[in-house]
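Remarks on the overall topology
Given next are the chains, with one letter for each unit.
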Amino acid sequence: MYHHRLSQRPNPLCIIIIFLTLPTISAIVFLTLSSQTPLIKIPKPKPTITSLIHTQIANTTCDGTLYPDLCVSTISTFPDLLLKSLPQIIAATVNHSVTEVRASESNCSGILRTIPELAPLDKQALDDCIELLDNTIAELKTVIADLSANKTTSKHFRDLQTLLSGAMTNQYTCLDGFAYSKGNVRPYIEDRLDKISHHVSNALAMLRKIPAANAAAHGGGEVFPEYGKVRGGFPTWVSRKDRRLLQAAVNQTRYNLVVAKDGSGNFTTIGEAVAAAPNSSETRFVIYVKGGAYYENVEVERKKTKLMLVGDGIGKTLVKDNRNVVDGWTTFRSATFAVVGNGFIAKGITFENYAGPSKHQAVAFRSGSDFSAFFQCSFIGYQDTLYVHSLRQFYRDCDIYGTVDFIFGNAAVVFQNCNLYARKPDDNQKNIITAQGRDDPFQTTGISIISCKIAAALDLIPVQSSFKTYLGRPWKQYSRTVYLLSNIGDLVDPAGWLEWSGNFALSTLYYGEYKNKGPGSNTSDRVTWPGYKVISNSTEASQFSVGNFILGDDWLPTYNISYSRNLTS
């Protein structure tokens, strides 16, 4: 610390008295300074051996992280660092992040309480942030508990990578809610959220130093991590019991609750039935939704786990609404149907947002549910139809309709045997099928499209030559999307992919195509970005399969959804 100069007048004598207290000595030191005398800097204490060791451990542990200064300054403060294993250091880092998430949540709540003149969109965005931060705390607490359990399997570390990837995505989703705000709220929360994201990124990077985690990230770097095996055509996280449920006819399924518009069931709305479902269920809870159009917005909260909705089929059981950004909703909150509770399954239901192309972002369905699966469902909208927000998801035999970025988000998601239909957009718009939102190179996220059909919807066919259609564009810096063994129609522009803005992400994205067919699959005139590639290696391509990418063998067999674990040709 430097003493302040007391005057600029020539040659005054200034006496500064400093009291030094030591264990055995008390002294008064008189220093005589003039305005010409250099300032005196009291020397800092010499670092102790312990502090030097802590710094060395922190530097070694933080090597390879994206934010090493933050990493070192955080880890070096942990007590007993010399005695901590790497998983314990990561757990301590994540625990430190939880404290900061709580502070950010309190900050958002405080802004809502103390600034009554906030614009409605700012209020809604802050409400989104509070929910997302609450989800982040839950995900990070699970990570801490899992790290403390000393599990060493590669599956365990893939779970940790998924949860940390999801926790990071929540922070960026919170900030995205202010994209159309005219207020000045974002600067008051942005630095805190960025710091949380950087801590989580560092934790993800450190996790890769553990041998089992390194095995889980098979291939690492520019390709998707290996995510397990598949049996009988389904990822293994679908249990045999759930598979039977999904494959059974409607009249052969046993339900816990029935929703019917005509009053013949337990409830007349889906929202009421979801609210009546048990919290934190460890067994499957099935709600049968009879045919009809249900005009409502439904949110399945985190506490509603293992929930299954069964309808009478695409176009027969429909959930519809029209929330959108133009009318004052955030993209996150515009969803007709949103689910966060883990283990959610839907079968035979159409989810629709009918706001129209001129209303811009208008989500039909949003999933932040880990191990969520969708079988024979339809998702209908225009811009931002299907928000695959975070964690692990699987779609089989589904139809997805839209215009701009109509499959978007940052989940680890596989679409298999699905139909992706581009619709007629507004006159000044282009069709873009995907906008993947991976923010960090260590996130285990991406969109894998396998054995699907990419085609024009009925309203686009007559005017197809008037609108360009692309396979995807990079919403975030490390966007990852692949098309494998799919039939690509002639609606897709020869370039295949579209820039987001100038050169943004073109060298850091990963876009790939593997053995596709159809008139739009010709890659001879594709973009020449550093991050784009035509995949020729079957080993590399197989990392995007259901078995490898979303750990399918560990959950899909229980869901009774047929799936192909590997690439079949």
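What you see is a predicted model, and the numbers here were worked out from it, not measured in a lab.

What follows covers the pattern of salt bridges. For the structure shown, the criterion picks out 16 salt bridges. Where aspartate 128 meets arginine 333, a salt bridge forms, and the shortest distance between an N and an O atom there is 2.8 Å. Here the residue aspartate 128 occupies a position in helix α4 (residues 120-148), and arginine 333 occupies one in the loop between β10 (317-321) and β11 (337-339), the gap between them amounting to 205 residues. The two residues aspartate 128 and arginine 333 agree in class, both being buried. The salt bridge partner of aspartate 405 is arginine 473, with a shortest N-O separation of 2.7 Å. On the criterion of sequence distance, the pair formed by aspartate 405 in strand β20 (residues 404-409) and arginine 473 in the loop between β26 (469-472) and β27 (480-484) is long-range, its members being 68 residues apart. Taken together, the shared-partner salt bridges in this structure form one network comprising Asp128, Glu131, Glu299 and Arg333.

Moving on to the layout of surface pockets. As a volume, the largest pocket reaches approximately 390 Å³. Lining the largest pocket are 23 residues, with Tyr180, Thr331, Gln361, Asp384 and Trp475 positioned closest to its centre. Classifying every residue of the lining of the largest pocket gives 11 nonpolar, seven polar and five charged. Its boundaries defined by the atoms lining it, the second largest pocket holds a volume of some 260 Å³. Residue lining of the second largest pocket: 15 residues in total, with Thr142, Asp146, Leu163, Asn342 and Asp370 positioned closest to the centre. Going through the elements one at a time, α4 and α5 (154-176) are the ones with two or more residues in the lining of the second largest pocket. Residue composition of the lining of the second largest pocket, by class: four nonpolar, three polar and eight charged.

This paragraph deals with the nonpolar core. Formed by 59 residues in total, the largest nonpolar core has its most connected members in Ile75, Ile90, Val94, Leu140, Leu164, Ile189 and Leu207. By residue number, the principal contributor to this core is α4, which donates 11 residues. For isoleucine 75, the contacting residues outside a window of four places in its chain are Ala58, Thr61, Cys62, Leu81, Ile89, Thr93 and Met206. Judged by nonpolar contacts, the second largest core, of 58 residues, contains Phe406, Ile433, Ile454 and Trp529.

This part is about the sheet that holds strand β24 (residues 446-450). What holds strands together in a sheet is hydrogen bonding between their backbones, with the strands either parallel or antiparallel. The sheet built from 11 strands is open, its strands ordered β5-β6-β9-β12-β15-β18-β21-β24-β27-β29-β30 with parallel pairing. With partners counted over all chains shown, the strands left at the sheet margins are β5 (257-259) and β30 (532-534), one partner each. Geometrically, the sheet is characterised by an average inter-axis angle of 10° between neighbouring strands, direction not taken into account. Inspection of the sheet shows strand β29 (residues 510-514) paired to β30 by three bridges, in the parallel sense. By the bridge assignment for β30, glycine 512 is matched with lysine 533.

Side chains Ser372 and Phe374 project from strand β15 (residues 372-375) onto one buried face, and the interleaved Ala373 and Phe375 project onto a second face that is buried too. Pairing of β15 with strand β18 (residues 392-396) involves four bridges; the strand directions are parallel. Opposite phenylalanine 375, over in β18, you have arginine 396 as the bridge partner.

About the thresholds
- Residues numbered from 1 in each chain as written.
- Predicted model: local features only at pLDDT ≥ 70, side-chain atom pairs only at ≥ 80, totals over all residues.
- Heavy atoms only, no water.
- Salt bridge = Lys/Arg side-chain N within 4 Å of Asp/Glu carboxyl O.
- Helix = DSSP H or I, 4+ residues; strand = E, 2+ residues; numbered from the N terminus.
- Buried < 20%, exposed > 50% of the residue type's maximum accessible area, 1.4 Å probe, protein only.
- 1 Å grid on protein atoms, 1.4 Å probe; cavity = no way out; pocket = protein on both sides within 12 Å on 5 of 7 lines; lining within 4 Å.
- Points joined across faces, edges and corners; volume = space filled by probe spheres on them.
- Nonpolar A, V, L, I, M, F, W, Y, C, P; charged D, E, K, R; others polar.
- Core = buried A, V, L, I, M, F, W, Y, C linked by side-chain atoms within 4.5 Å.
- Contact = heavy atoms within 4.5 Å.
- Pairing = 2+ DSSP bridges.
- Axes fitted to C-alpha atoms, helices over the stretch in contact; angles between N-to-C directions.

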